[in-house]
Amino acid sequence: MFDSKSFIEKSKGEMQKQIGGERALCALSGGVDSTVCAVLASKAIGSSLRAVFIDTGFMREDEPAWVKKHLDKMGVNLRVFDARERFISALEGHSDAEEKRKIFRDTFYKLFGEIVREEKCKILIQGTIAPDWIETKGGIKSQHNVLSQIGIDPEKEFGYKVVEPLLQLYKDQVRLVGKELGLSEELYARQPFPGPGLLVRVVGEVRRDKVEDTRKAIAVVEEGLKGLSPPPQQYFAAILDSKGKISEKISKEAGEFLGEKAKATVLDARGTGVTGDIRRYGKVVLIDSKSTDYMALNKTQFEIVSRNKDDVSRVLLVLKSQKEGKYIAAIRSIQTRDFMTVVITKIPFELLNSMAEEILGRCPNVKAVAYELTPKPPATVEFE
Amino acid sequence: MMIPVVEVGGQYNHLIHRILTELGAESEIIGLDTTLEKLEKMNAAGLVMGGGPQRIDKELGAFATLGKTIKDSPIPMLGICVTHQLMAFVYGGKAGAAKSPEYGEVEVIVDKEDDILMGLGPKFTALQTHNDEVVKLPPKFEILAHSEHCKIQAMRHKLLPRFGLQFHPETVRSSTDPRIFENFIRICKKFEK
């Protein structure tokens, strides 16, 4: 089995060698990986470490303050950098998932370059883990923190060397390292949060009001599912544009597998998926049906994605809707060990419906709230 | 005991490495350019080959070296997904587009509870994510398992330690986790003697 104690010892030694007495900067997003990475680095190189949290504006409610408070407790001195306007103005109006991720990555590393020079550091330590580079190298999605593995030389491109102590680990192993390092359970057991944050949950075109609705919907889901047992490994909401067309063909297929009348709308919105090790940027199908039978719902998503393999990547089930609104809010909750494959959580429909009501109440632009039925594969965990 | 993993570009190749290490074997990730000499130099007791996005009938060139190694090296080999299809090709069978691609858990029915599927009969669920499959079994091979849409979910050479699986035993969505790798390690140990 994985031995977190010896990993920490080995990794501390390697970092000391790689960094060699230089000042190093560590980037934090508030997620588990970067937090564990920062604490590990602080144990390895002590006061030579500068920790920075960039508030990209794509953060959860109250995230910057939460992270600062907890890192201070761990003895990591954190500098919070407000870059909200810089990120939103770079991204506003862009729709394509990969384009958005790449703009985010470039904005992020350029800004980092500035901070690195200001802090007189030559090294950036970051918490990239195995699924990040596996997905990026495989062309599934461009994780913002993956550079050298896809041929970007950070020293040439941005002016600093990158050190990545967690590169060979999976999430469950990172948590064990965090626990061994003495992080509180609140920190090491925290659900993952993507580096680009809410950006990958603001599906399609980026707009300021859409980011706000996403933030509110996520807060409802995090609050609603936090007591669920067994706990899901990740749970959040995404916001999609509601425009789409009813498909007779898919309505019929869905009806057949659900044994219930079903109306299927193919949204214009696209979501990222992975099938046969290949990226699939397909459309999102919204099913309106009374069915609450998870086995039938799972069979339905399987058949719809397999039969429409060239254009559909994800399937959602409508929970509640109202007449007007330009957005769909999608609740996503999953179970997994390593995040390379996941299944959806079988949440009681009563609980799903009450979260749906609350989201409709808090986000007036949302027309319908749905639950995502697609596992990974064929979908990915995040929408983009 | 060293059991390297050939990285073919799929999403779960690195997970194979993780499982083998957790089961107590030594493992290293190696490339598609792996030759017989390299395996001998590493003192490999067995070889696991992962999945990948390639299509065997269209991208054979990329597999020329590995294909030769499969034929030349005597050590036990396990091919998963695209390398299961490669193994079929190397021994005279055929791989091509599946009539019904499968993306998700599928029930796999065991036809023969051979060494590699030991303890998994009469059926199990396994994660599938494939567009292609083995469409013609190579001579001297036998089918070990099938599913509703895919006739050859698992196969083996009747005389040599060559095993192929269409599904992904290295993911937690397969109920076989980690049985098949325990079986493969046992096969390698037996072969070493």
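Keep in mind that this is a model prediction, so the values were computed, not measured. (Residues numbered from 1 in each chain as written. Chains lettered and ligands numbered in written order. Predicted model: local features only at pLDDT ≥ 70, side-chain atom pairs only at ≥ 80, totals over all residues. Heavy atoms only, no water.)

**Student:** Describe the interface of chain A and chain B, naming the residues involved and giving the relevant values.
**Tutor:** Counting residues at the interface gives 32 residues for chain A and 25 residues for chain B. Counting each side, the surface lost to burial between chain A and chain B is near 2600 Å², with a carbon and sulfur contribution of 53%. A per-residue breakdown of the area chain A buries against chain B is headed by Asp 277, Phe 302 and Arg 337 of chain A, which together make up 25% of the total. For the pair chain A and chain B, the interface holds one salt bridge. The salt bridge partner of Asp 172 of chain A is Arg 18 of chain B, with a shortest N-O separation of 2.4 Å. Between the two partners, chain A and chain B, sit ten residue pairs in polar contact (both at pLDDT 80 or more). Among the elements of the structure, α6 (130-137), α8 (171-180), β8 (262-275), β9 (278-289) and α12 (294-307) of chain A are those that each provide at least two residues to the side of chain A that touches chain B. Looking at the side of chain A that touches chain B residue by residue, the class counts come to 16 nonpolar, seven polar and nine charged. (Contact = heavy atoms within 4.5 Å. Buried area = accessible area lost by both parts, 1.4 Å probe. Salt bridge = Lys/Arg side-chain N within 4 Å of Asp/Glu carboxyl O. Polar contact = N/O pair within 3.5 Å; in protein donor to acceptor, adjacent residues only side chain to side chain. Helix = DSSP H or I, 4+ residues; strand = E, 2+ residues; numbered from the N terminus. Nonpolar A, V, L, I, M, F, W, Y, C, P; charged D, E, K, R; others polar.)

**Student:** Outline the sheet that holds strand β4 (residues 77-80) of chain B, listing residues and values.
**Tutor:** All names here are of chain B. Reading across the sheet, the nine strands line up as β2-β1-β3-β4-β9-β8-β7-β5-β6 and stay open at both edges, with mixed pairing between neighbours. Looking at strand neighbours, the two that pair on one side only are β2 (29-30) and β6 (123-136), the edges of this open sheet. With two bridges connecting them, strand β1 (residues 5-6) and strand β3 (residues 47-49) associate as parallel partners. Paired with Val 5 across the two strands is Val 48, which belongs to β3. (Pairing = 2+ DSSP bridges.)

**Student:** Quick rundown of the packing of aromatic side chains? Include the residues and the values.
**Tutor:** Each aromatic ring pair is described using two quantities: the centre-to-centre distance and the angle formed by the ring planes. Residue and element names in this part refer to chain A. Inspection of every chain in the model, using the stated rule, returns eight aromatic pairs over all chains. Pairing Phe 104 with Phe 108 gives two aromatic rings, centres 6.0 Å apart and planes at 20°, and the pair type is stacked. Of this pair, Phe 104 and Phe 108 are both found in helix α5 (residues 97-118), four residues apart, which corresponds to roughly one turn of the helix. Owing to a relative accessible area of 9%, Phe 108 belongs among the buried residues under this scheme. An aromatic cluster is present here, built from Phe 87, Phe 104, Phe 108, Tyr 109 and Phe 112 joined pairwise through their rings. A cation sits over an aromatic face here: Arg 190 above Trp 66, 3.7 Å from the ring centre. (Phe/Tyr/Trp six-rings, centres within 6.5 Å; stacked < 30°, edge-to-face > 60°. Buried < 20%, exposed > 50% of the residue type's maximum accessible area, 1.4 Å probe, protein only. Lys NZ or Arg CZ within 6 Å of the ring centre and 35° of its normal.)

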